[in-house]
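Remarks on the overall topology
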Amino acid sequence: MNAINKADYLWKNGQFIPWDHANVHLMTHSLHYASSVFEGIRVYNGKIFKLEQHIKRFFASAEQLMLKIDYTPLEIINMCKELVSINKLSNAYIRPLAWMGAESSKLLSPLLSTNVMISGWEIDTPKSQPLNLCIAKWINIPPQSIPIQCKTGGRYTTMIINKAESIKQGFDDAILLDWRGYISECTTSNIFFVLDNTIVTPIADACLNGITRQTIFDIAKKLDIIVVEQHITPKLLLKYQECFITGTAVEVKEVRSINFTALKDQNIATEKLYNNNLITKIVQKNYRNLVNEQSSF
Ligand code: PMP
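Since we're looking at a predicted model, the values are computed, not measured. (Residues numbered from 1 in each chain as written. Predicted model: local features only at pLDDT ≥ 70, side-chain atom pairs only at ≥ 80, totals over all residues. Heavy atoms only, no water.)

1. Quick notes on the layout of surface pockets
In this structure, the largest pocket spans a volume of roughly 1800 Å³. Looking at the largest pocket, it is lined by 46 residues, and the ones nearest its centre are K163, T188, A249, V250 and K253. For the lining of the largest pocket, the secondary structure elements donating two or more residues are β6 (92-100), β7 (114-122), α4 (156-168), β10 (183-186), α5 (211-222) and β14 (242-247). With 5 residues, α4 is the largest single contributor of residues to the lining of the largest pocket. In terms of residue class, the lining of the largest pocket is made up of 20 nonpolar, 14 polar and 12 charged. (1 Å grid on protein atoms, 1.4 Å probe; cavity = no way out; pocket = protein on both sides within 12 Å on 5 of 7 lines; lining within 4 Å. Points joined across faces, edges and corners; volume = space filled by probe spheres on them. Helix = DSSP H or I, 4+ residues; strand = E, 2+ residues; numbered from the N terminus. Nonpolar A, V, L, I, M, F, W, Y, C, P; charged D, E, K, R; others polar.)

2. Side note on the pairing of β6
Burial analysis of β6 places 7 of its 9 residues in the buried class, the great majority of the element. As paired elements, strand β3 (residues 36-38) and β6 share 3 bridges and run antiparallel to each other. Across the sheet, the residue bridging to S36 is W99, located in β6. Sheet analysis places strand β4 (residues 41-44) next to β6, joined by 3 bridges and oriented antiparallel. Among the inter-strand pairings, V43 is bridged to a residue of β6, identified as A92. Pairing analysis gives 9 bridges linking β6 to β7, with the strands arranged antiparallel. (Buried < 20%, exposed > 50% of the residue type's maximum accessible area, 1.4 Å probe, protein only. Pairing = 2+ DSSP bridges.)

3. Examining the nonpolar core
The biggest cluster of nonpolar side chains holds 27 residues, and the ones touching the most others in it are I48, I55, I76, C80, I94 and I118. Among the secondary structure elements, those contributing two or more residues to this core are β4, α2 (51-64), α3 (73-86), β6 and β7. Residue contributions to this core peak at 6 residues, all from α3. Core analysis: the next-biggest nonpolar cluster, separate from the first, contains 22 residues, I135, F193, V250 and L263 among them. (Core = buried A, V, L, I, M, F, W, Y, C linked by side-chain atoms within 4.5 Å.)

4. Some words on unusual backbone geometry
Phi angles above zero are rare outside glycine, and N45 is one such case at about 50 degrees. With respect to the helices and strands, the residue N45 is situated in the loop between β4 and β5 (47-48). You will see that D196, though not glycine, has its phi angle at about 45 degrees, which is positive. Residue D196 is classed as exposed on the basis of its relative accessible area, which comes to 54%.

5. Here we look at α5
Between the first and last C-alpha of α5 there are 17 Å, a value that for 12 residues agrees with the 16 Å anticipated at 1.5 Å per step. Turning to α5, its buried residues are I211, T212, R213, T215, I216, I219 and A220. Once α5 ends, the next one or two residues include D224, with phi positive near 60 degrees. (Expected span 1.5 Å × (residues − 1).)

On their own, these measurements won't tell you what the molecule is for.
This is the structure:
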């Protein structure tokens, strides 16, 4: 289990401050009501990957939560770069966060401030063992309840309890179904399947349209691999030959098995095994090459 690798400084409301001075008041609104938005961004060899796309999504998430960030996207982009530079980050994770302050305990008040911080810390290379997934106990929050492309803390309650439940049962992570019963995403990643050299993934109408997901589309296009976005029922999973998940933190990870125990009543075989993840390995290799080539600075 890895503790966070403290960097020297983080950026908060316009200033670089020492990591250990980065505190908030216990009455902070977002601590009580999850009224925050955030991003997760990767740094490879000192360069930031897909920075503009992440900051664009950060501002779009903030707007959906009616958080008014007092900085421009370009200012936040520049602060991310400066953060990497002053902390001498090399292979790292960057976390911009916007949150409501401690000025009121009401659900909404004009007194509430919007705060912004950016932190970043060195990380270890993600583990490469194939994953064992299960079907999640709790379904994903429907897009009718929270805007689905909004990366708000509130959306992650479902993810935390599903992750905890999957680990308790001996799995690595869980695949959440959407409110219609279709496959949507894992707790911090998108999911892909392979059938006869075609890549299949859920339509992003009930899951995050991940930046890594979009990068996989670009890679597949370059490799002349067809990508199909479609609604996928759990029963369909039995026919796919490969499965992988994607996300900024997990990158591209092979899936070894899916267990269907949460769907006992739906007459589905209890386990699907994936042995020969050929397309997955090609996509993985191309993703690795891309992050090393295309990080922007
Ligand atoms: N789905 C969820 C729920 C996530 O938290 C993430 C990670 N941000 C993803 C998908 C993958 O998104 P991205 O590729 O933009 O990191």
